[in-house]
Every structure is written in structure tokens, then in C-alpha cells.
Amino acid sequence: MKTFTYQRARTPAEAAEAAARHPGARFIAGGTNLLDLMKLEIEAPAHLIDVNGIGLDKIEPTPEGGLRVGALVRNTDLAADATVRSGYAVLSRALLAGASAQLRNKATTAGNLLQRTRCPYFYDTNQACNKRQPGSGCSAIGGYSRQLAVVGASDACIATHPSDMAVGMRALDAVVETVRADGAGRRIPIAEFYRPPGATPHLENALLPGELITAVVLPAPVGGRHHYQKVRDRASYAFALVSVAAIVQPDGGGRVALGGVAHQPWRSAAGDAALPRGARAVIAALLGKAAPTKDNAFKVALAERALQSILADGGKAKS
Ligand SMILES: Cc1cc2nc3c(=O)[nH]c(=O)nc-3n(C[C@H](O)[C@H](O)[C@H](O)COP(=O)(O)OP(=O)(O)OC[C@H]3O[C@@H](n4cnc5c(N)ncnc54)[C@H](O)[C@@H]3O)c2cc1C
Ligand code: SF4
């Protein structure tokens, strides 16, 4: 691991100011992704800003009837929160489908949104990877791509985003709140948070250098039955091959977001509108333009079957 300096910030403003003073610095929260990447020297920040003590660890109601989730709220605490379990069950179920209990005890809301891809070539520093080293090429294209994207990819990168939590948040229309060193804040809808890979897959989201996530805001609950179905190679401690977050209303309408298929949770107005017509219509709307590889073409049928199993399940919610 490369050497680095370290500081503990006491407030969000202090953290953002420190990031402005140390270009290339990284915030560290639970450390469950960043430390692994530093050990492999995939990330080599010269300075770490520990944000665990900046007071953003609360879940609070908003005046609009929603919920503000602090950036440092642990995945375990968010999944277990009574209001989340009752009004935002799709999020609770998505969180509990992720990682392991020990990891969820450390992992934070912001860190989970910003975790890097699990593309095996990204982690193998002997392989070409445009995301790790811009302009070096992409070993996954023409390589082994079973886990990788079937839609939204580019000629430069076919990685998926691995977060389960983000898929639940996409179904809920969450908004990411941030602050910068000059005190300016932004509210970024999660639909606009992740950047398509295009020619610059190393630029993964809408954050500017040094911008700190302070919270994720959930709008008022929308009701309906909440489901999160994750299909993976083993029952625990594995990333999604495909996941489906669905909120189904009594009239058959609702919302559907897919995980494991793209660089971001995959949802569209056409996909939602197709829900009353069944799983085949939804997946045709969401993945009709999919361009899978020979290794991952199964994901399209798998997504349809996962949604079909949710719709066939009547009132029972699943994770
Ligand atoms: C073995 C294993 C299995 C896993 N399985 C799953 C799984 O099945 N599903 C799943 O969803 N996840 C899984 N994960 C990933 C895990 O959920 C993430 O590692 C975790 O959520 C990251 O959160 P963290 O707080 O530890 O982030 P950190 O590692 O501390 O940080 C991650 C990134 O976020 C940045 N960051 C942190 N906080 C802020 C902030 N407030 N503002 C701006 N930037 C910030 C950091 O600088 C860093 O770039 C797994 C991880 C492991 C190691
Ligand atoms: S798919 Fe993306 S992350 Fe994987 S090797 Fe190619 S450029 Fe790197």
C-alpha cells in the first residue's frame, strides 16, 4: 500500500474544506471498499479524511413526509429502522440482500452508493482496464463477462454497478444531497447520479472532486407491496447476477428497477408503464435494447423470470 496522511474531520464543512486543501484526497467511511482498493493500489490517495465523526448518522423525517438518511448511517441500522421497514420496505430488503452482516455493520449509505465495480479485470492490475487506467483498453470486452452489463454499456467499458441498496433507492426516487468546500449544496436525483460509461468510464457519478455526500432523501412513502428479488451464484456474500426491486400497487401498476445489468440501477418510465401487462412487457421495455455478450445473455431471461416470480407471488414480499 502507498503511504498516505490521515485526519479525522469533526464537521461536514471541515471534511469538505480538507478535501479542497488536498486535491486527490478520499473520504473514508466504513472503509470496506476503499481499503481493499488501496491495498491493491487501485486507489492511492495521498490523504484520507475520516468522516465517521461528522455527525451525519441520523435518520430523520422531512417536512414533506419523507425521510432524510444521513450519509454515515450504517446499512444495518438503515435496514432495521422501523420507518424504513414499514414505508420503504424495498430498501430494507435490498440492504439485507447485500454483503454480510459484518460488512453491513460497517458499510455506510454514502459509501455503498460510491462502491466501485466488481468487474474482475478492474481488480487485476495486470489487465487492461479503462476504468482503472483511462485509455488502457478493456479486457472484459472479448474476455469473461458473465457478471457484466447487458445494457447501457459502451465500447470502453461494460462494468455493472454492484450496489443492492442503490437499486432499492432508484425504485424510491431517492435524492442525493451534497456539500462542497464553498458551502454550496446540491440535490441530485439518483436517476442522474451515475454517469453512463461512454468514453470516460473512470468518471462514474455526478460528484465534483472533493464534494461530500451529506444525506440521501427519500420522498414520502408510495405504498404498495415492496419486493427485492436478488439472483446470485450463492445464497450469501455474493453480488447480484440480476436483481429486481419492485413496488406493486393494488391496481397492478407500480415501479421496477433492475440491478446487475448496467452501470447504474436500471429503470425507465416505459418499464413502469408496462407493469400491468406483466413481466415480459416490463423486461421488453427495460432490456429491449440490451446488447449482451455470449457469457451474459442469460441475464435478460433471468430478469424476466425474477420479476415473474414476484408478480406470481401475490401479497408475499420476498428478498
Ligand atoms: C466481500 C464483500 C461482499 C460484498 N457484497 C455486497 C453485495 O452483495 N451487495 C452490495 O450492495 N454491496 C456488497 N459489498 C460492498 C459493500 O456494500 C460496500 O463495500 C460498502 O457499502 C461501502 O461502504 P463504506 O462505508 O465501507 O465505504 P468506503 O469503503 O469507506 O468508501 C467507498 C467510497 O465512498 C467514498 N465516500 C464514503 N463516504 C463518502 C461521503 N460521505 N461523501 C463522498 N464520498 C464518500 C469513499 O471516498 C470511497 O471512494 C460487499 C463488499 C465486500 C468486501
Ligand atoms: S468492463 Fe470496465 S471495469 Fe471491466 S475491464 Fe473493462 S473498462 Fe475495466
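Report on the accompanying structure. Only a predicted model underlies this, so the values are computations on that prediction, with no experimental measurement involved.

1. Points about the site of ligand 1
Line of reasoning, step 1. Contacts to ligand 1 come from 32 residues, most closely from Phe27, Gly31, Thr32, Thr108 and Asp164.
Line of reasoning, step 2. A distance of 2.9 Å separates an oxygen atom of ligand 1 from a polar backbone atom of Gly30.
Line of reasoning, step 3. In this structure, Ala99 approaches ligand 1 through a main-chain N or O atom, which is 2.9 Å from an oxygen atom.
Line of reasoning, step 4. Taking 980 Å² as the accessible area of ligand 1 by itself, protein coverage stands at 93%.
Line of reasoning, step 5. Residue assignment for the shell around ligand 1 shows that the elements contributing at least two residues are β2 (26-28), α7 (109-114) and β8 (212-218).

2. Notes on a nonpolar patch on the surface
Line of reasoning, step 1. On the surface, Met1, Phe4 and Tyr6 cluster together into a nonpolar patch covering about 290 Å² of accessible area.
Line of reasoning, step 2. Note on placement: Phe4 falls in the segment before β1 (5-8).

3. Focus on the pattern of salt bridges
Line of reasoning, step 1. Inspection of every chain in the model, using the stated rule, returns 19 salt bridges.
Line of reasoning, step 2. In this structure, the salt-bridge partner of Arg255 is Asp173, at a minimum N-O distance of 3.6 Å. Note that Arg255 is positioned in strand β11 (residues 254-259) and Asp173 in the loop between α9 (165-171) and β6 (175-179), a separation of 82 residues in sequence.
Line of reasoning, step 3. Ionic pairing is found between Asp173 and Arg267, a salt bridge with its closest N-O pair at 2.9 Å.

4. Focus on the sheet that holds β1
Line of reasoning, step 1. If you walk across this open sheet you meet the 3 strands as β1-β3-β2, and the pairing is parallel. In this open sheet, the two edge strands, each paired with only one partner strand, are β1 and β2. Each strand axis lies, on average, 30 degrees off the axis of its neighbour in the sheet, ignoring direction.
Line of reasoning, step 2. For β1 and strand β3 (residues 47-50), the ladder comprises 4 bridges, and the chain directions are parallel.

5. Thoughts on the sheet that holds strand β10 (residues 242-248)
Line of reasoning, step 1. The strand order across the open sheet built from 3 strands is β9-β10-β11, with neighbouring strands paired in antiparallel fashion. With one partner strand each, in any of the chains shown, β9 (225-231) and β11 form the two edges of the open sheet. For this sheet, the mean angle separating the axes of adjacent strands, direction not counted, is 10 degrees.
Line of reasoning, step 2. Bridging between β10 and β11 involves 6 bridges; their strand directions are antiparallel. Each residue of the ladder has a partner; that of Ala245, found in β11, is Ala257.
Line of reasoning, step 3. Where helix α5 (residues 89-96) meets the sheet, it contacts β9 and β10, and its direction lies at approximately 20 degrees from that of β9.

6. Focus on the pairing of β6
Put simply, side chains in a regular strand alternate between the two faces of the sheet.
Line of reasoning, step 1. Of all 5 residues making up β6, 5 are buried, and the element is well covered by its neighbours.
Line of reasoning, step 2. Where β6 and strand β7 (residues 185-189) come together, 5 bridges link them in antiparallel fashion. Its bridge partner being in β7, Val176 is matched across the sheet by Ile188.
Line of reasoning, step 3. With 5 bridges joining them, β6 and β8 adopt antiparallel strand pairing. Looking at the pairing, Val175 lines up with Val217 of β8.

7. Some points on the packing of helix α11 (residues 279-287) against helix α12 (residues 298-311)
In helix packing, the relevant descriptors are the interaxial angle and the interaxial distance, both defined with respect to the helix axes.
Line of reasoning, step 1. Two elements in contact, α11 and α12, have axes separated by 9 Å at closest approach and are oriented at 140 degrees. Compared by their axis directions, α11 and α12 come out oblique. The crossing of α11 and α12 is right-handed. Every residue of α12 that contacts α11 at Ala279, Arg280, Val282, Ile283 and Leu287 is listed here: Val300, Ala303, Glu304, Leu307, Gln308 and Leu311.

Reading the values: rules and limits
Residues numbered from 1 in each chain as written. Chains lettered and ligands numbered in written order. Predicted model: local features only at pLDDT ≥ 70, side-chain atom pairs only at ≥ 80, totals over all residues. Heavy atoms only, no water. Near = heavy atom within 4 Å. Polar contact = N/O pair within 3.5 Å; in protein donor to acceptor, adjacent residues only side chain to side chain. Areas by Shrake-Rupley, 256 points an atom, 1.4 Å probe, with all protein chains shown as cover. Helix = DSSP H or I, 4+ residues; strand = E, 2+ residues; numbered from the N terminus. Patch = residues over 30% accessible without salt bridge, like charges linked within 9 Å, V, L, I, M, F, W, Y side chains within 5 Å. Salt bridge = Lys/Arg side-chain N within 4 Å of Asp/Glu carboxyl O. Pairing = 2+ DSSP bridges. Axes fitted to C-alpha atoms, helices over the stretch in contact; angles between N-to-C directions. Contact = heavy atoms within 4.5 Å. Buried < 20%, exposed > 50% of the residue type's maximum accessible area, 1.4 Å probe, protein only. Parallel < 35°, antiparallel > 145°, perpendicular 65-115°, else oblique. Left-handed = near helix turned anticlockwise from the far one by under 90°.

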